[in-house]
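Descriptive structure summary
Letter by letter, the chains look like this.
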Protein chains: 2
Amino acid sequence: MADKKLVEAITSMDEDFAQWYTDVVKKAELIDYTSVKGCMVIKPAGYAIWELIQKQLDERFKETGVQNVYLPMFIPESLLQKEKDHVEGFAPEVAWVTHGGLNPLQERLCVRPTSETLFCDFYKNDIHSYRDLPKVYNQWCSVVRWEKETRPFLRSREFLWQEGHTAHATAKEAEERTIQMLNVYADFCEQVLAMPVIKGRKTDKEKFAGAEATYTIEALMHDGKALQSGTSHNFGDGFAKAFGIQFTDKDNTLKYVHQTSWGMTTRLIGAIIMVHGDNSGLVLPPKVAPVQVCVIPIQQHKEGVLEKAAELKERLAKKGCRVKVDDSDKSPGWKFSEQEMRGIPIRVEIGPKDIAANKCVLARRDNGEKIEVSLDDLEETVMNLLDVIQNDMFERAKKHRDSHTYVAKNMEELENILNEKPGFVKAMWCGDQACEDLIKEKYSATSRCMPFEQEQLSDTCVCCGKPAKKMVYWGRAY
Amino acid sequence: MADKKLVEAITSMDEDFAQWYTDVVKKAELIDYTSVKGCMVIKPAGYAIWELIQKQLDERFKETGVQNVYLPMFIPESLLQKEKDHVEGFAPEVAWVTHGGLNPLQERLCVRPTSETLFCDFYKNDIHSYRDLPKVYNQWCSVVRWEKETRPFLRSREFLWQEGHTAHATAKEAEERTIQMLNVYADFCEQVLAMPVIKGRKTDKEKFAGAEATYTIEALMHDGKALQSGTSHNFGDGFAKAFGIQFTDKDNTLKYVHQTSWGMTTRLIGAIIMVHGDNSGLVLPPKVAPVQVCVIPIQQHKEGVLEKAAELKERLAKKGCRVKVDDSDKSPGWKFSEQEMRGIPIRVEIGPKDIAANKCVLARRDNGEKIEVSLDDLEETVMNLLDVIQNDMFERAKKHRDSHTYVAKNMEELENILNEKPGFVKAMWCGDQACEDLIKEKYSATSRCMPFEQEQLSDTCVCCGKPAKKMVYWGRAY
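A brief look at the structure comes next. Predicted, not measured: the structure shown is a model, and the values here were computed from it. (Residues numbered from 1 in each chain as written. Chains lettered and ligands numbered in written order. Predicted model: local features only at pLDDT ≥ 70, side-chain atom pairs only at ≥ 80, totals over all residues. Heavy atoms only, no water.)

**With respect to the interface of chain B and chain A**
- With 49 residues of chain B in contact, the opposing surface of chain A contributes 49 residues.
- By the criterion of area lost to chain A, the three top residues of chain B are Pro-44, Tyr-70 and Trp-146 of chain B, representing 14% of everything that side buries.
- Counting across the interface, chain B meets chain A through 4 salt bridges.
- Across the pair Lys-43 of chain A and Asp-126 of chain B runs a salt bridge, and its minimum N-O distance is 3.0 Å. (Contact = heavy atoms within 4.5 Å. Buried area = accessible area lost by both parts, 1.4 Å probe. Salt bridge = Lys/Arg side-chain N within 4 Å of Asp/Glu carboxyl O.)

**Thoughts on the relation of the copies chain B and chain A**
- Of the transformation placing chain B onto chain A, the axial shift is 0.0 Å and the rotation is 180°, giving an RMSD of 0.0 Å. Such a combination of turn and shift is consistent with a two-fold rotation axis. Among all residues of chain B, the one whose C-alpha sits closest to the rotation axis is Val-97 of chain B, at a distance of 2.1 Å.
- A share of 100% of the interface residues of chain B reappears at the interface of chain A, consistent with the copies meeting face to face through the same patch. (Least-squares fit on C-alpha atoms with pLDDT ≥ 70 in both.)

**Some thoughts on helix H7 (residues 171-191) of chain A**
- For H7 of chain A, with 21 residues, the first-to-last C-alpha span of 30 Å sits near the 30 Å given by 1.5 Å per residue.
- Taken together, the buried positions of H7 of chain A are occupied by Ala-174, Arg-177, Thr-178, Met-181, Leu-182, Val-184, Tyr-185, Ala-186, Phe-188 and Cys-189 of chain A. (Helix = DSSP H or I, 4+ residues; strand = E, 2+ residues; numbered from the N terminus. Expected span 1.5 Å × (residues − 1). Buried < 20%, exposed > 50% of the residue type's maximum accessible area, 1.4 Å probe, protein only.)

**Considerations on the sheet that holds strand E15 (residues 293-297) of chain B**
All names here are of chain B.
- Pairing in this open sheet of 5 strands is mixed, and the strands run E16-E15-E17-E18-E19 from one edge to the other. Single-partner strands in this sheet number two, and they are strand E16 (323-325) and strand E19 (370-374). Direction aside, neighbouring strands of the sheet carry axes that sit 25° apart on average.
- Bridge analysis of E15 against E16 gives 3 bridges, and the strand direction is parallel. (Pairing = 2+ DSSP bridges. Axes fitted to C-alpha atoms, helices over the stretch in contact; angles between N-to-C directions.)

**Let's talk about the environment of Phe-208 of chain A**
Residues and elements named next belong to chain A.
- Positionally, Phe-208 belongs in the loop between strand E9 (198-201) and strand E10 (213-220).
- Looking at Phe-208, the relative accessible area reads 15%, which means it is buried.
- Measuring from C-alpha to C-alpha, the distance between Phe-208 and His-276 comes to 29 Å, with 68 residues separating the pair along the chain.
- Dropping the residues within four chain positions of it, Phe-208 is found in contact with His-86, Phe-90, Thr-114, Glu-116, Thr-214, His-233 and Phe-235.

The following block contains the structure:
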C-alpha cells in the first residue's frame, strides 16, 4: 500500500549503507545542512527525539542525586593547558576566539570541547571541607571539536551533549560513581533506545585524555560497525593535583579530591537510526518516538471518518499516548510512506468499513505486521502493543548483535572475520599496545573495550602469541 | 529565631541596592564568578530556577504550535552582514572565532549573539510553497555579546535564552504572532513569576536592529529601575528580501515571507531577585521555587521528631509539592536563616510539643507570618497556602509598581520625579527622536515603551511642548 516514490527516495542499505544513512536523516527530516561547514540544523523531528532522550536521561540522573548547572562556553588557553595529557588530546581540535567586539583579546579563548578544566577551576573555589563533598554536577550544552570529516549526528563540529563532572573525598567513591553512571547509560540504552550494549573498560591507548580509566558502552550498528555510545571516566586525583583542588577531611588533614566525568551526545540519534532503521526509513523505539501512533483515515471524505479518527486520537491521547491524525489531502498510500519514513511505531488505519464493523487495522512499523482489532479497549490494545514493539526491537537488535559477534584466535582468523563478516570480534590480548597498533594498522580495527564479562577464549594473544591477559572486543568503528 | 550571622552577610537593600543584589546572588548560591571575564557559573540553586522557567515557558510555547530546533552556534561573517541594520547593531559586540584546530579559518565566524541570520539561511532552503508555512520554530541555547560591564543574570557575556523565529505567508499573520508571543510572555511573567509587566511598543530609537517593530514587556524593580523582560519583533519582509526567502503562494506567484522573532533570557532570574527579594535574601514565587517547602525539625534528637518530619515530607511530596527536610546538624536558627536566604516559600517547623498537639507551624517567607495548623489535612493547607503566597506576591509587586508610577507634564516635573522618586514616569511625547535623545542625555532615562493602554495625560510633548502623539513610559533601566 505504501507509495513507491517516497521509498525510492532512499538508497537501499545493502547497496550503500553510508548513503542510506544520509538519505534517512534527510528524508525523515531529522537534519539539514547549513552554510556553517561541518555543523547541522537539527529539525523538529530530530530535536523532538533529543528532547525525549534528555528528559528520560535527566530523570535517571536526578534519581542518583545529580544536580544540573551551567558553566561558560569559553576556556582561557592557560586554563586548558593546566593538565598536560588533557591539553595534548584536545588542543589540535578546538576553535579559538581571538577577538571580542572590535578588539583583540589579551588571552585567546577556546570554545569548550569538554569542560573538565572549567569544572576544576570552579571546584577549586567551591570545595573547602569534606562537608562540601561529593559534588555531583551535570550540564546540558553544546561543545565544539574541529573535525575534518563530519557526518550528521555521528561526527559534527558542534554537537549537543550532557557532561557530568563529580568530585569525591575518596578514590573508592569516585570509582563507584564512574561505574554507577556507566550502568545508568547502559540501562538507558537498553530500556529506552532498545539498543543492547557491551560494558567494558577502554585500553590505555583508547582512554580519554587525562583519565586514569575510561569505561564505555559499545553498540553494534546494522552494518557491523561499532559505535561508542557513552563513556564514563575516572580521573583519580590527577586533575585535582594539576588544579590544586583540596579539602580539609574529617581528620583535619588537607587532601586532594577524586574526580569523574561522563557524557552522552546527539550521536545516540545516529545509533537509533543505524540499529533499528530499514529500507523504508527510520524505525523509532516507542519510548523515544515523538509521535508513537499516527491515525490515517481511509476515504476520509466519507461521512464520519474524520470524526472517528479524531475520536480515536482523543481516546489514545488521554492515556498518555503521543498520537496524531494525518488528515491532510494526500493519498493514504503517500501518508503510509511518510509515516514509515519517519519511523512512527504504530499506524492506525480507519475507514468506513472498519467503522461499520467497530474495528480498525494496526500496522506495526518495526516488522510490517498488520492486525485487525476491535475499537473497544483500543487504548489498552495500543498501549500494550507499544510495549511489545519496544521489547521486540530490543530482542531483534540483540539477536543481530549476537549473531554478528565472532571469536578469533589468531591473526588469520581475525583478518578473515574483519574482511568477510562485519561485526564484533572477541579475541585475547597480551596487554601490549604494540599489538593494538598492529591490528589497527593492518585492519583499521580498534580495541572497543575490555568487557566486564570476561571469557577465556584461549591462553595466547591473538596478535603476538604471548600469554593473554584480557579478552577484548575488536571492531571497525564510527 | 533566624540566625543573625547569615543575615548580616548581606548588605541592606536601602543602603546599597547594587551591593545587596550581588550579595544575594552569591549567598543564595545562585551563581559563582569564573576565570572567564564577564561569564558566570550558574550553580544548582540558580539553574533549578531556570529549569522551572524553561519547562513552564516551553509548555506555553508548544500550546501555540511552536516546535523546537537547534541551529549552529557559529555565524559566518558574510551571513551576519546580509541585513544592513542587523550587522550594524551586533558586529561591535560579537566574539570572533578565527582559528579551527591549528589552522586559521578562511572566513571568520562569530559566536551567535542572536540567530536571525542563521534562521534566514535555513528558511531560504526549507521554504518553497505556501504549504511549508507557517514555520514556528524556537531554540533554547546560549548566546554571546561582548559587554564591557557585566552583572550576574542582568548582563553577562554569555547568557541562556530561548529565541523563537517564525516565517509567515502574510504581514497580518506575522503581526498576530508577534503580539501573541508578547502576550504569552506577559502572562508567564504575571502568573508564574508573580511579576506585573507593562506591554507596549518600543520607539524606533529603541527597537531591535533590523526589526520593523519591537514589542516589549517592562517590569519595575524594587529600586525603581525598569527591566526589559522580554521582547517580540516583527521583521516584515526585510530579512526575507535580504536573504531571498520566497515561496509560491496559492495564486502561483512568488512572494517574500514575513518574519518574527522573540526571546526571553536568564535575566528573568535577576528580575525575580529584584522584584521580590528583601533584606533576608531571596524570595521565590512558589511556581519557580525548586524547593517550595522546607521541613525543619525542632529538637530533632528527641524520639520521633525526625520520623515525623520525614512523614510530613512524604505526604506533601505525594501531592506534587517540591519539599525537603533539613535534618543536618545545624541549629534550627541557622536553618531558618538559610531557608530565608534561599527564598523557600514555606517553612514547616515541627517539634515534640507540636507532635503531641497534632500540629505544626507554617512560616511564610514572603511576609514572615507564622501560623499554627493541624497536621490533619496538612497537604491541603500547604498547597492552598502556596497559591495564596503566589497571588499575594503578585499583588504586592503590583502595588509597589503602581505606587511608583508617576505622571510628568513638563521637563521640570520629569526632572523632579527622576531625581527624587525612582520609578516609571508616564509622559506624553511628540514622536520626535530629538526629544528622546535630550531626555536620555539630561537624565539618563530612556523611553521604555509606548504602552498598549494609552492615556491622554496632556496635549503636548513633555520635552518640546509640541503636539503629543503618544504616551510613553520613561525610566532608568538595567
